[in-house]
Amino acid sequence: MNTEIQEILLKANEIRKLSLRMIYNAQSGHPGGSLSAADILATLYFKVLRVDPKNPGWDERDRFVLSKGHASAAYYAALALRGFFPIEELFTFRRINSRLQGHPTIHVPGVDMTTGSLGQGFSNSVGMAISGKIDKKDFKVYVLLGDGECNEGIVWEAALSAAHNNLDNLIAILDRNMFQLDGATEKILSLEPIEEKFRAFRWNVYTVNGHNVEELIDAIEKSKQSNGRPNIIIARTVKGKGVSFMENTHEFHGKAPNKEQFEKAMQELNEKEMSIKKGEIE
Amino acid sequence: MNESQRQAYGETLVKLGTDKRIVVLDADLSSSTHTSLFQRAYPDRFFNMGIQEQNMIGVAAGLALSGKIPFASSFAVFIVGRAYDVIRQSVAYTNANVKIVATHGGITVGEDGATHQMLEDLGIMSGLPNFSVIAPADAPETRRVIEEIAYKNGPFYVRLSREKVPTLLKDAEFKIGKGIVIREGEDLAIFSTGIVLGRALEAAENLSNVGISASVIHMHTLKPIDRDLIIKYSRKTGRIITVEEHTIFNGLGSRVAEILSEYSPARLIRIGINDTFGESGPGWELLDKYGISAKNIFEKAILMVRS
């Protein structure tokens, strides 16, 4: 395997381990959607995003909005690993007097938008992309959406408006893990066919395996070449990815693991780390 | 002379538009809010978002956090009512530099009826940290408010009316958070906010004809409220009447009641909409029907002073 990809996979695994440690430590947080988004976040922060941890407010930076703000643990872990703030700070997550609020806020270095109320980050990213267009800047605006989040009306308002304003500088990624808090997305409020919906809204649509870094990079590269249309990458993912008993269930959407579960999870992720290093996992 | 606050708003936006950071958003009501004047002058920095108030505010927040100075407008009932959570999370919590200018505030919206008459906005918006809340009395004051807030960092909510309103404050100085004493009197003080100032002044004039001298104070800023001025006139007169085109809950009357209770007790009568919806009809006549009239202020003042 290409060492760059291997490096990103190792970062993703580290994001998973840190997220679970943070959530376990706080005994609160959202493991399922953090684990499903880990490969996407690692790809963005260790390959794609033009950002400078020493200058988080840099005008020319690519913007990133975590619209599914409840995946904050994975987001903070990615930012810390990328050097925006010390790793040790991660363990203040969800504690009193911490910068690392339960859901992301712009007070944290590297966070471009406060999120948590679903759908708003998507709308905010449309505003950022419009601003880039007005100023003729070449930065891109990336936004990570959850699938349950797409129940919200504002998501479709923003989708209409991004297409209407020809925001080809906007690259959305949908973490399509098929579960929301109360159960399977298709049982709560069905979204399929999601690709057709966005295509009908005049978006460029790409579907990838959201745990395959090469596919993610390829779809992002194609999105960057877009002319006139906003882009969405439907990243087919597994909720709870990487921890056997958290996979494909809504049970760990918003529940912290107990001691036994945490130890088992870390053991599995440590084994996975060995496999990535040996080049067994792609 | 009667002038339109909305017209004054649109014209002021055009004046501000030489600054490229100014962007204007509307939700398919631009010909009513008069942001259409800005659209004509600066089409590249005007965004008609369609009928989607939530996304309009979300986009405005994104623009503000990218260094723009966005003004977002619609009718008060929709921009506050439909977009409240977006205002709360994306604008107030981030302290984004978004200026929300709502037209068609209050019952004077008139014929469209209760669905379009926003009576709770000042209270709702005052509850949000970081927001300042302003209800100008007339068109010239609207101009001064818009020019002022464009360059005061942070979120603002400004409430304008549909009806043309009498020009009363042609030259009065506007300072955020500082009430304007328009008339001095000893027997009671009438505090009003927004476009009902004329009614307070008319009542004071009629009171003077029966030997009662009333102060009239225009509280354009609901938040931050001018606490010192309220305390001063409480001590001076011992009798306060508040007048607002808003529910008596959580608006000017409530704020004044809080301050009087905490710092300087005085007699208080609140005039506003008494926990009810409005109805269709000519705007100014509706104000009369719901008691926000010079006559009602006069009668309540007499009651207060002579009992």
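Residues numbered from 1 in each chain as written. Chains lettered and ligands numbered in written order. Predicted model: local features only at pLDDT ≥ 70, side-chain atom pairs only at ≥ 80, totals over all residues.

### As for unusual backbone geometry
Right, so step 1: Note the cis peptide between Glu192(A) and Pro193(A), where omega equals 0°.
Right, so step 2: Along the chain, Pro193(A) falls in the loop between helix H6 (185-188) and helix H7 (194-200).
Right, so step 3: Following Lys223(B), the chain continues into Pro224(B) via a peptide bond in cis, with omega recorded as 0°.
Right, so step 4: Looking at the secondary structure, you find Pro224(B) in the loop between strand S12 (221-223) and helix H10 (227-237).
Right, so step 5: Positive phi, close to 55°, is recorded for Asp275(B), a residue that is not glycine.
Right, so step 6: Inspection of the secondary structure puts Asp275(B) in the loop between strand S14 (267-273) and helix H12 (283-289).
Right, so step 7: Asp275(B) gets classed as exposed once you count the C-beta atoms within 10 Å, which come to 9. (Helix = DSSP H or I, 4+ residues; strand = E, 2+ residues; numbered from the N terminus. Buried ≥ 20, exposed ≤ 12 C-beta atoms within 10 Å, placed from the backbone.)

### Some thoughts on the interface of chain B and chain A
Right, so step 1: The interface of chain B with chain A comprises 22 residues on the first partner and 20 residues on the second.
Right, so step 2: Within the residue set of the side of chain B that touches chain A, elements represented by two or more residues are helix H4 (53-64) and helix H6 (84-92) of chain B.
Right, so step 3: By residue number, the principal contributor to the side of chain B that touches chain A is H4(B), which donates eight residues.
Right, so step 4: Residues that form the side of chain B that touches chain A fall into these classes: nine nonpolar, 10 polar and three charged. (Contact = placed C-beta atoms within 7 Å. Nonpolar A, V, L, I, M, F, W, Y, C, P; charged D, E, K, R; others polar.)

### Considering the confidence of the model for chain B
Close inspection of predicted coordinates is inappropriate for parts of the model with low pLDDT.
Right, so step 1: Summary statistics for chain B give a mean pLDDT of 98 and a share of 100% for residues scoring 70 or more.
Right, so step 2: Note on the complex model: pTM 0.96, ipTM 0.95. (pLDDT = per-residue confidence, 0-100.)

### Considering the nonpolar core
Right, so step 1: Ranked by internal contacts, the top residues of the largest apolar core, which has 184 residues, are Leu41(A), Ala74(A), Ile233(A), Ala60(B), Ile190(B), Ala200(B) and Ile297(B).
Right, so step 2: A per-element tally of this core places helix H2 (residues 31-48) of chain A first, with 10 residues.
Right, so step 3: Residue-level mapping places this core at the junction of two domains, with at least three residues from each of domain 1 (2-166) and domain 2 (180-306) of chain B.
Right, so step 4: Setting aside its immediate chain neighbours within four residues, Ile233(A) contacts Ile173(A), Leu174(A), Tyr206(A), Val208(A), Ala219(A), Ile220(A) and Ser223(A). (Core = buried A, V, L, I, M, F, W, Y, C linked by C-beta atoms within 7 Å. Domains from an automatic or database assignment.)

### Examining the packing of helix H4 (residues 120-134) of chain A against helix H5 (residues 153-164) of chain A
Each packed pair of helices is defined by two parameters, the angle between the axes and the distance between the axes.
All names here are of chain A.
Right, so step 1: Where H4 contacts H5, the axes come no closer than 8 Å and their chain directions differ by 20°. As the angle between them shows, H4 and H5 are arranged roughly parallel. The hand of the H4/H5 crossing is left-handed. Counted together, Gln120, Phe122, Ser123, Val126 and Ala129 of H4 and Ile154, Val155, Glu157, Ala158, Ser161 and Ala162 of H5 form the full contact between these two elements.
Right, so step 2: When its residues are assigned to classes, the contact of H4 with H5 shows seven nonpolar, three polar and one charged. (Axes fitted to C-alpha atoms, helices over the stretch in contact; angles between N-to-C directions. Parallel < 35°, antiparallel > 145°, perpendicular 65-115°, else oblique. Left-handed = near helix turned anticlockwise from the far one by under 90°.)

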